[in-house]
Each structure stands twice: as structure tokens, then as C-alpha cells.
Amino acid sequence: MEPADVLARDRGLLWHPYAPLDGPPLYAVTGAAGVWLDLVAEDGQQFHVRDAMSSWWAVLHGYRNPLLDKAIHDQVDRFSHVMFGGLTHEPAVRVAEKLVALTPAGLDHVFLADSGSVAVEVALKVAVQYQQALGRPERTGFLALRGGYHGDTLGAMSVCDPVDGMHADFPDYVPAQSFLLRPPRAWRAGEGLASDPVEVASWITEAERVVAEVADRVAGIIVEPVLQGAGGMVVYAPEALVVLRRLATAYGLVLIADEIATGFGRTGRFFGSDWGAVVPDVMCVGKALTGGMMTLGAVVVSSPVAEVIAASRHRALLHGPTFMGNPLACAVASASLDLVVAGWAQNVPRIEAALVTALSPACELSVVREVRVLGAVGVIELAESVDIPRVTRAALERGVWVRPFRRLVYTMPPYISSDADLAAIGAGMVSAVADVYGGSAS
Ligand SMILES: *Cc1c(COP(=O)(O)O)cnc(C)c1O
């Protein structure tokens, strides 16, 4: 099919994420290698551009990475899929052992899920089963942070921000949950994160009050550690994690860290939880787990929680998807984790420094409200909602693929991005904003 045919035949046939069938412009992908995407627009224009999104934060090692391609090829030559009920295989054992080794001590048991959202669903069920097993069947709710995002399936939707999320569109369908105010903002300062101590103290007081009030009806607390991603790329004070860890322990709640966006070094620590030196009871990973090659999520559970479930009536975790532990996904995840371990500690600080330099000229544009960088995440926040089709196109003209949302034009570049790639991504983003909103940034 010619790219023009792909674009024309897609219309009215396929839904794209959160877009109408006859939605905004689409671009057809004709190739991808390293940090580069080859795209064709509906007007026939071709673009060879750097991917600033890592395909929604997943493609850490670039497209057609030879080691990842080889891992999949080798596994295809053995077997591509087998059921996980009653069967096991080397790729699943290997990836689970690696996850246990990479997650904080005490997280020792792994459930393989099909995606991030499914990992969140499983984590929520772990918490509910845990409370049931302890004779607290009334503890079925959850406490989450305002401004959070945890996925699009029902349980995950329920713990997303109740205003920005889909609660209003699905009244009486999405379960009502309890929410804490967003923790105070934090920003990079020296080796760490800084925040306003007065704001932190008052947030802690409020958190203590809310947890005490809801503890007898919630099974757990779920958070995206330190960086709320899809909820607005907001960085918050790690003290909040420390307090939630303390409160979860005190009230017998399961602390779930949703590291689907923050895991594997993206924020400058291996896990976002590491900023607070906090060990959750349950950790969810996804997105970058396979280096963006296949869909795969995982839930890593502490021994005390797993032991309670093991002693419960069913003894099992009540979940088991058809494609659980898919061997191709597990094999490529193992290969990707090896690459992450070999490179993240050098690459993420390098990317952070490069993004600070490359994005700071945006501060001179009058439409820009804030520029912030944490690890391999760089954000230009505008004072108004982004004109997404125009900024997307302007960025393509400047050699960069971005996918803005709300007021944000942001990048989560692949870890393999060179310094030249990062300079070009930053310059392209700044120029695109200047092209659409006026002003020049030197
Ligand atoms: C993307 C994301 C999810 C959902 O993952 P999917 O693979 O899209 O289902 C959950 N939590 C966080 C923090 C995410 O960023």
C-alpha cells in the first residue's frame, strides 16, 4: 500500500487514541531506525525526523536495535507463544529474575501482565485480595493522588484524576475512590529535588488526616512516584512518598508504586521511588520494559503480601490472561533490561544536561510559562492549551516528532540519543513553539 492509501483507508476505519474516526491529521510511518522516523503527511510531504517521544516513552534503545531484533528472532525460531497455565519457559523465568534483581530488596514475586493498564488492574486486585485474606473484606477502595494517571481499564480509570480523568464521562460506571491533593511541586536542585518546606508540611498534615479517615475502607494507596506523567508531567516532593509509605504501614494498607512511566531510569533514579528511598509493597512496570518492542507489563510483589495471598482461600492471585508471559515479549524484555542496566546511569544524566541547555531558550517566548527537566524528561509548558495539529506539524518541519497534550510540548527521548540528537530535538521543539505562537528564541 502506498502511504497515501494507508492514510485514506485508515479514515473512518480505525480509531486512534482518544481521537474521533475522522479526527485530526495522521502521518503514515514508512520506516524507523535508531532515533529516526520516516513519515508521510496527508498532503504527501515526507519527513525524516527524530522521535522525541520514544513512542510513548517505550523505545529506549531506538528502532531496529540489532540486539532487540535478534532476541525476538531467536525466540521466534524456538516458539513464539505458549499458554502460561501449567507451562513455563526460559524467557519468563529470565525476565522475572531480572526484575526481582533490579527492584528494591523485598520485592520478590512477579506477575506478568499484557500491558501497563493490566498491571495496574492486577496490582489493585493484589491489594483487595490481601485485605480479604486478612479478614478485612470492607477494604475494597483505593486512595490515589489528584493529577494521577494509571491507565484506561476500569480499575485503573477509577484511580486516575477524578476531574481530568474519565469519571465524569462514565458516571456510576467508574467506582468512586478517595483522593489526596497533588503533593507540592519539586524541582531539580544540585543532586536532588527541592520543594517548599511549608507546603510539604501542610500536605503531610492533610495526608495524615485523609488516610486516617479512609483507612478502614481502602485496600491500598497507588501513586506514580515523583513524576505524574500523563496527568501533566508534574514533579512532586519525594517527602510525599516517604509519608505515604509510613501511613500505609501504620494503617495496614498496600502501597502500590506505578512505575510504568518512571521506571528504568527515566527520572534520573532507577525507579521514581528511589528519590524517596521508598520501597513499595507492589510495583507496576510496563512501557519501556521491552524497549518498546512488544506490549508487556509486570507486577512485582513483596514477600509479606505474597505470603498473605498464598495463605488465603484460593492461594492464587485471581488473574490469568490468555497471552500471559508471552515468550517473545519476555525474551525481548530481558534483552532490553540488559541494555538499560548497561547504559542508563551514563545516558540519563547526559540527556538531562543536554535538555536543560537545549530547552532553556524557550523561557524567552512569551507564550511559555515554564520549562522543566527531570532526568530524561523535558517539558515546555505553555500558558494556554497547545494547538496540537499546528505544533505537531511545525515540529515536523523542524525535524522532530512530538505529541503535545494539554499545555505541554515535551520530550522523553530514547536513551541512545546522541548529544547532537538532543540539541536538535530541543531546538526543534523551541522553534516549533516560536513558529506557531510568535517570538524568537536564540
Ligand atoms: C502509560 C501508563 C499506564 C498504562 O499503560 P498502558 O500500557 O498504556 O496500558 C499506567 N500508568 C502509568 C503511570 C502510565 O504512564
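Residues numbered from 1 in each chain as written. Predicted model: local features only at pLDDT ≥ 70, side-chain atom pairs only at ≥ 80, totals over all residues. Heavy atoms only, no water.

### With respect to the environment of D419
Note the cut-off: Here a helix means four or more residues in a row that DSSP labels H or I, a strand means two or more in a row labelled E, and each is numbered from the N terminus.
When you line up the elements, D419 lands in helix α12 (residues 419-437). Separated by 65 residues in the primary sequence, D419 and A354 place their C-alpha atoms 6.7 Å from one another.

### Structural notes on the nonpolar core
Where a protein is soluble and globular, its nonpolar side chains tend to be buried together. As a reminder of what qualifies: As used in this record, nonpolar core signifies buried Ala, Val, Leu, Ile, Met, Phe, Trp, Tyr and Cys residues forming a set joined through side-chain atoms within 4.5 Å. Each residue is assigned to one of three classes by its accessible area relative to the maximum for its type, calculated with a 1.4 Å probe on protein chains only: buried under 20%, partly exposed between the two thresholds, exposed over 50%. We call two residues in contact when some of their heavy atoms are within 4.5 Å.
M233, F264, L289 and I380 are the most contacted members of the largest nonpolar core, which totals 104 residues. Sort the elements by how many residues they give to this core and helix α10 (residues 327-359) lands first, with 11 residues. Not counting residues up to four positions away in its chain, the partners in contact with M233 are W57, L227, Q228, R372, V377, V379, F405, L408, Y410 and M412.

### As for empty space enclosed by the protein
Selection rule: Put plainly, a pocket is an open set of points on a 1 Å grid over the protein atoms alone with protein on both sides within 12 Å along at least five of seven lines, a cavity is a set where a 1.4 Å probe fits but cannot get out, and a lining residue has an atom within 4 Å of a point. Grid points are joined across faces, edges and corners, and a volume is the space filled by probe spheres set on the points.
Taken as a whole, this structure holds two cavities of 30 Å³ or more when the rule is applied. Its volume calculated, the largest cavity comes out at about 40 Å³. Every residue along the wall of the largest cavity is listed here: V223, P225, L241, L255, I256, A257, S273, V278 and P280. Broken down by element, the lining of the largest cavity gets its largest block of residues, three residues, from strand β12 (residues 254-258). Around the second largest cavity sit W57, L60, I260, A261, G263, R266, K287, A288 and Y415, which together line it.

### Thoughts on the pattern of salt bridges
The line we're drawing: Think of a salt bridge as a Lys or Arg side-chain nitrogen and an Asp or Glu carboxyl oxygen that are within 4 Å of each other.
Inspection of the entire model under this criterion finds 22 salt bridges. With a shortest N-O distance of 2.8 Å, D435 and R398 are connected by a salt bridge. You can see D435 sitting in helix α12 and its partner R398 sitting in the loop between α11 (388-397) and β17 (400-401), a full 37 residues away along the chain. Look at the salt bridges and you will find they share partners, linking R185, R369, E370, R372, E381 and R407 into a network.

### Overview of the UniProt feature "binding site: substrate" (unreviewed entry) in the protein chain
This is how the line gets drawn: UniProt positions are given in the numbering used here, feature names are shortened, and annotations may be inferred rather than shown by experiment. Polar contacts here mean pairs of N or O atoms no more than 3.5 Å apart (in protein, one a potential hydrogen donor and the other a potential acceptor; neighbouring residues in sequence count only if both atoms are side-chain atoms).
Within this structure's numbering, the places UniProt gives as "binding site: substrate" (unreviewed entry) are W56, Y149, K287, G320 and R403. In summary, the annotated positions, distributed over 348 residues, remain apart in three dimensions as well, the widest C-alpha pair reaching 33.4 Å. Narrowing the list just given to those that line the second largest cavity leaves K287. Structurally, Y149 can be placed in the loop between β5 (141-145) and α6 (154-158). Of the residues examined, Y149 reaches a relative accessible area of 26% and is grouped as partly exposed. Setting aside chain neighbours within four positions, we find Y149 in contact with C160, E224, A230, G231 and D258. Within polar-contact distance, the side chain of Y149 engages the side chain of D152 at 2.6 Å. Those residues in contact with R403, other than ones at most four positions away along the chain, are M53, W56, I388 and Y410.

### As for the site of the ligand
Test applied: We define proximity as follows: a residue is near a molecule or strand when any one of its heavy atoms falls within 4 Å of that partner. Areas reported as accessible are Shrake-Rupley estimates using a 1.4 Å probe. Residue values count occlusion only from the protein chains shown.
Every residue near the ligand is listed here: W57, S115, G116, S117, Y149, H150, G151, E224, D258, I260, A261 and K287. Between the ligand and D258 there is a distance of 2.7 Å, counted from a nitrogen atom to a side-chain nitrogen or oxygen. Burial of the ligand by the protein chains amounts to 83% of its free accessible area of 390 Å².

### With respect to the sheet that holds strand β15 (residues 368-374)
Condition: Strand pairing is assigned whenever DSSP detects at least two bridges linking the two strands. Only the stretch in contact is used when fitting a helix axis, every axis being a line fitted to C-alpha atoms; angles between N-to-C directions are given from 0 to 180 degrees.
Read across the sheet, three strands follow the order β15-β16-β18 without closing on themselves; strand pairing throughout is antiparallel. Each having just a single partner strand, β15 and β18 (408-411) make up the two edges of the open sheet. Strand-to-strand, the axes of this sheet are offset by a mean angle of 10 degrees, without reference to chain direction. The strands that α10 touches are β15, β16 (377-382) and β18; relative to β15, the one it contacts most, it runs at about 165 degrees.

### Some details on the confidence of the model for the protein chain
We apply this condition: What pLDDT reports is the predictor's confidence in each residue, on a scale of 0 through 100.
When pLDDT is averaged across the protein chain, the result is 97; 100% of the residues are at 70 or more. Mean pLDDT per element in the protein chain: strand β7 (residues 187-189) is the minimum at 95, and β12 is the maximum at 99.

### Here we look at the packing of aromatic side chains
What counts, and what does not: Note on aromatic contacts: the rings of Phe and Tyr and the six-membered ring of Trp form a pair at centre separations within 6.5 Å, being stacked when their planes are under 30 degrees apart, edge-to-face when over 60 apart, and tilted otherwise. Only lysine NZ and arginine CZ atoms are considered, and such an atom sits over a ring when it is within 6 Å of the ring centre and within 35 degrees of the ring normal.
In the structure shown here, the tally under the stated rule is nine aromatic pairs. Plain terms: the ring middles of F170 and Y173 are 5.9 Å apart, the flat faces sit at 45 degrees to each other, and that makes the pair tilted. The class of F170 is partly exposed, set by a relative accessible area of 34%. Look at F270 and F271: their rings are 5.0 Å apart centre to centre, the planes differ by 90 degrees, and that puts the pair in the edge-to-face class. Per residue, the accessibility class of F270 equals that of F271, and both read buried. Three or more aromatic residues joined by ring pairs form one cluster here, namely F264, F270, F271 and W344. Taking NZ or CZ as reference, R269 lies 3.9 Å from the ring centre of W275, over its face.

### Topic: the sheet that holds strand β6 (residues 178-180)
Read across the sheet, seven strands follow the order β4-β14-β13-β12-β9-β5-β6 without closing on themselves; strand pairing throughout is mixed. Either end of the sheet is taken by a strand with one partner, and the two such strands are β4 (107-113) and β6. Here the average twist between neighbouring strands, direction ignored, is 20 degrees. Its contacts with the sheet place helix α5 (residues 116-133) against β4, β5, β9 (218-223), β12, β13 (282-285) and β14 (297-302), and it is angled at close to 175 degrees to β12.

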